[in-house]
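Tertiary structure, described
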Amino acid sequence: MTTQVTITLSDEVYRRAERFARLANRDLASVLADTIKLSLPPISSHIETLEPISEVSDEQVMALTELQMEPDQDKRLSNLLDKQQSGILTEDERQELQDLMQVYQEKLLRKATAFSEAVRRGLMEPLSS
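Residues numbered from 1 in each chain as written. Predicted model: local features only at pLDDT ≥ 70, side-chain atom pairs only at ≥ 80, totals over all residues. Heavy atoms only, no water.

1. Considering the packing of helix H1 (residues 11-23) against helix H2 (residues 28-39)
Where H1 contacts H2, the two axes come as close as 9 Å, and the packing angle between them is 110°. Viewed along their axes, H1 and H2 adopt a mutual orientation that is roughly perpendicular. From H1, Tyr14, Ala17, Glu18, Phe20 and Ala21 reach across to H2, where they touch Leu28, Val31 and Leu32. Class assignment of the residues belonging to the contact of H1 with H2 gives a composition of 7 nonpolar, no polar and 1 charged. (Axes fitted to C-alpha atoms, helices over the stretch in contact; angles between N-to-C directions. Helix = DSSP H or I, 4+ residues; strand = E, 2+ residues; numbered from the N terminus. Parallel < 35°, antiparallel > 145°, perpendicular 65-115°, else oblique. Contact = heavy atoms within 4.5 Å. Nonpolar A, V, L, I, M, F, W, Y, C, P; charged D, E, K, R; others polar.)

The following block contains the structure:
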């Protein structure tokens, strides 16, 4: 199944995509569709069932700003990243690393969204850059 959408791109992004499509001998629509597909990480089904952060209490929002991986998962992720860097990752470990990276990315997204919601609600000041 596919869904057709209309988007507005800056002239520069459009030109870059058009040049890439021409160089790759592909149509522009398929290049843009593949780019979006590859840039969006998969979302596990349990994340989809979580209540949107905009609908949770102030206390829950603030708790979510502290969200982190479980210590054992974090330690294992670091170990697997070290092994990947050394080039000694097995296929099973590669899959485990991918799974842990997904957990990490989902928690990071939820945490960032909680920060944004906390600032929007006036529960905390924006982080200075």
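2. Concerning unusual backbone geometry
Phi at Asn25 takes a positive value of approximately 55°, unusual for a residue other than glycine. Along the chain, Asn25 turns up in the loop between H1 and H2. Among the residues examined, Asn25 registers a relative accessible area of 73% and is labelled exposed. (Buried < 20%, exposed > 50% of the residue type's maximum accessible area, 1.4 Å probe, protein only.)

3. Overview of the packing of helix H5 (residues 71-86) against helix H6 (residues 91-120)
Put simply, H5 and H6 touch, their axes get as near as 10 Å, and they point 130° apart. Here H5 lies oblique to H6, going by the angle between them. Of the two elements, H5 crosses H6, and the hand of that crossing is left-handed. Facing Gln73, Arg76, Leu77, Leu80, Leu81, Lys83 and Gln84 of H5, the residues of H6 in contact are Glu93, Glu96, Leu97, Leu100, Met101, Val103 and Tyr104. Classifying every residue of the contact of H5 with H6 gives 8 nonpolar, 2 polar and 4 charged. (Left-handed = near helix turned anticlockwise from the far one by under 90°.)

4. Here's the deal with H6
For H6, with 30 residues, the first-to-last C-alpha span of 43 Å sits near the 44 Å given by 1.5 Å per residue. Packing partners of the buried residues in H6 comprise helix H3 (45-48), helix H4 (58-64) and H5. Trailing H6 by a residue or two, Gly122 shows a phi angle of about 80°, which is positive. (Expected span 1.5 Å × (residues − 1).)

5. Observations concerning the pattern of salt bridges
Summed over the entire model, instances satisfying the criterion amount to 9 salt bridges. Between Asp58 and Arg121 there is a salt bridge, with the nearest N and O atoms lying 2.8 Å from each other. With Asp58 in helix H4 and Arg121 in the segment after H6, the pair connects residues that are 63 residues apart, well separated along the chain. By relative accessible area, Arg121 is classed as partly exposed at 23%. When the shortest N-O distance is used, the salt bridge between Arg121 and Glu117 registers 2.7 Å. Bridged by salt links that share partners, the residues Asp58, Glu117, Arg120 and Arg121 form one connected network. (Salt bridge = Lys/Arg side-chain N within 4 Å of Asp/Glu carboxyl O.)

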